[in-house]
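Below, each chain spelled out in residue letters.
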Amino acid sequence: MKLGIVGLPNVGKSTLFNSLTKGGAESANYPFCTIDPNVGVVPVPDERLDVLADMYKTQKVTPAVIEFVDIAGLVKGASKGEGLGNKFLSHIREVDAIVHVVRCFDDTNIVHVDSNVDPLRDIETINMELIFSDLDVIERRISKTEKAAKADKTLKKELDILIKIKEVLENGKNARTIEFKDPDEVTFAESLTLLTYKPVIYAANVSEEDIADDNEENQYVKRVREFAEEEGSEIFVVCAKIEEEIAELDTEEKKMFLNDLGIDKSGLDRLITAGYRLLGLISYLTAGAKEVRAWTIKDGTKAPGAAGKIHSDFERGFIRAEVVTYDDLTHYGSYNAAKEQGLVRSEGKEYIVKDGDVILFRFNV
């Protein structure tokens, strides 16, 4: 999973990136201090791996990972080259989903590029730049496809989709608002790597006082939440400054710090949960003396496809999957004990892998 962190300058993007990745991105109270996209790879917290590692006395534990890309603050006119311009819009095309950081706190010591805090205006500013950039892509693609369609009539369907997307963008709406019913249309739309077709998680960045107050009094957050719900996007509330402090603590200290604030999960944990839910992802597990590992797949993936995550040979020569649920395995304390209880199942090519399945693949190439 690759997430791009975007937003206006001075909304807390780089501070949040630092806290999530401990990546040390430069953070300053002026626009465009982030000039190159900072990239950080973060392990996905999964307590199940530690339990299995103890059970199997494993040599190695490999969690799933998320890649975060911190992209320079966008401003009005970025699609036309304002600020640092299109260079950074191109970085967003490479990610699976966008984390849009929105400022939901007042602080006279931190400059806002539009002089005052208005989260919905800020969201609209970013969205319009992404729409303008997508329109440029779509118009060039339409021109190219129209010429090619004169010789190849099969391209008519693609042209119709492109025109449909163009009309939506011209009306100031995101491409992801289009409901394609044909799977081929969805595949084609995804291939365009449009910025506004990517799913979005809004990160409402609040003050330290508000995060401890469960955001009840913050009208900014309420407005962003309503907007996200109407759009069908995810939202999580975070205090980037607190997350930056938490990032320096060890596991036990982190738990105590969060408990004192009355928070059950860190911002990273909540962002990962939102990301998995938004992208329809789950994790299955493999376990043995050599390695315990989590593998991220799309929910609904069948056993051969899940096996292919490990190696293409596993998918190509798939015979069967020996599956036990994490709960059953840990309840009985060993693979053999679970097997004696009839809880290890032999599943074929049509089996849909579930979150928390512990799987041993049998294959022959």
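All of these numbers come straight from a predicted model, not from anything done at the bench.

Some thoughts on the side chain of arginine 103
Here comes step 1: Of note, arginine 103 is situated in strand 5 (residues 97-103).
Here comes step 2: Within the local environment of arginine 103, its side chain forms a polar contact with the backbone oxygen of phenylalanine 105, the two atoms lying 3.2 Å apart.

Observations regarding the packing of aromatic side chains
Here comes step 1: Throughout the structure, instances matching the rule amount to six aromatic pairs.
Here comes step 2: With a centroid separation of 6.3 Å and an interplanar angle of 55°, the aromatic rings of phenylalanine 180 and tyrosine 197 are classed as tilted. Separated by 17 residues along the polypeptide, phenylalanine 180 in the loop between helix 5 (156-170) and helix 6 (183-191) and tyrosine 197 in the loop between helix 6 and strand 6 (200-205) bring together distant segments of the chain.
Here comes step 3: A ring pair is formed by tyrosine 202 and phenylalanine 227, whose centres lie 5.8 Å apart and whose planes are at 80°; its orientation type is edge-to-face. Within this pair, whereas tyrosine 202 is found in strand 6, its partner phenylalanine 227 is found in helix 8 (residues 219-231), the two being separated by 25 residues in sequence.

A look at helix 1 (residues 13-21)
Here comes step 1: Of all the nine residues making up helix 1, nine are buried; the element is thus mostly covered by neighbouring parts of the structure.
Here comes step 2: Of the positions making up helix 1, those classed as buried are Lys13, Ser14, Thr15, Leu16, Phe17, Asn18, Ser19, Leu20 and Thr21.
Here comes step 3: Trailing helix 1 by a residue or two, lysine 22 shows a phi angle of about 55°, which is positive.

Digging into the side chain of threonine 286
Here comes step 1: Positionally, threonine 286 belongs in strand 8 (residues 281-287).
Here comes step 2: Among the polar contacts listed, one links the side chain of threonine 286 to the side chain of tryptophan 295, at a separation of 3.0 Å.
Here comes step 3: For threonine 286, the residues in contact, after removing those within four places along its chain, are Glu291, Val292, Arg293, Trp295, Ile310 and Ile359.

Cut-offs applied
- Residues numbered from 1 in each chain as written.
- Predicted model: local features only at pLDDT ≥ 70, side-chain atom pairs only at ≥ 80, totals over all residues.
- Heavy atoms only, no water.
- Helix = DSSP H or I, 4+ residues; strand = E, 2+ residues; numbered from the N terminus.
- Polar contact = N/O pair within 3.5 Å; in protein donor to acceptor, adjacent residues only side chain to side chain.
- Phe/Tyr/Trp six-rings, centres within 6.5 Å; stacked < 30°, edge-to-face > 60°.
- Buried < 20%, exposed > 50% of the residue type's maximum accessible area, 1.4 Å probe, protein only.
- Contact = heavy atoms within 4.5 Å.

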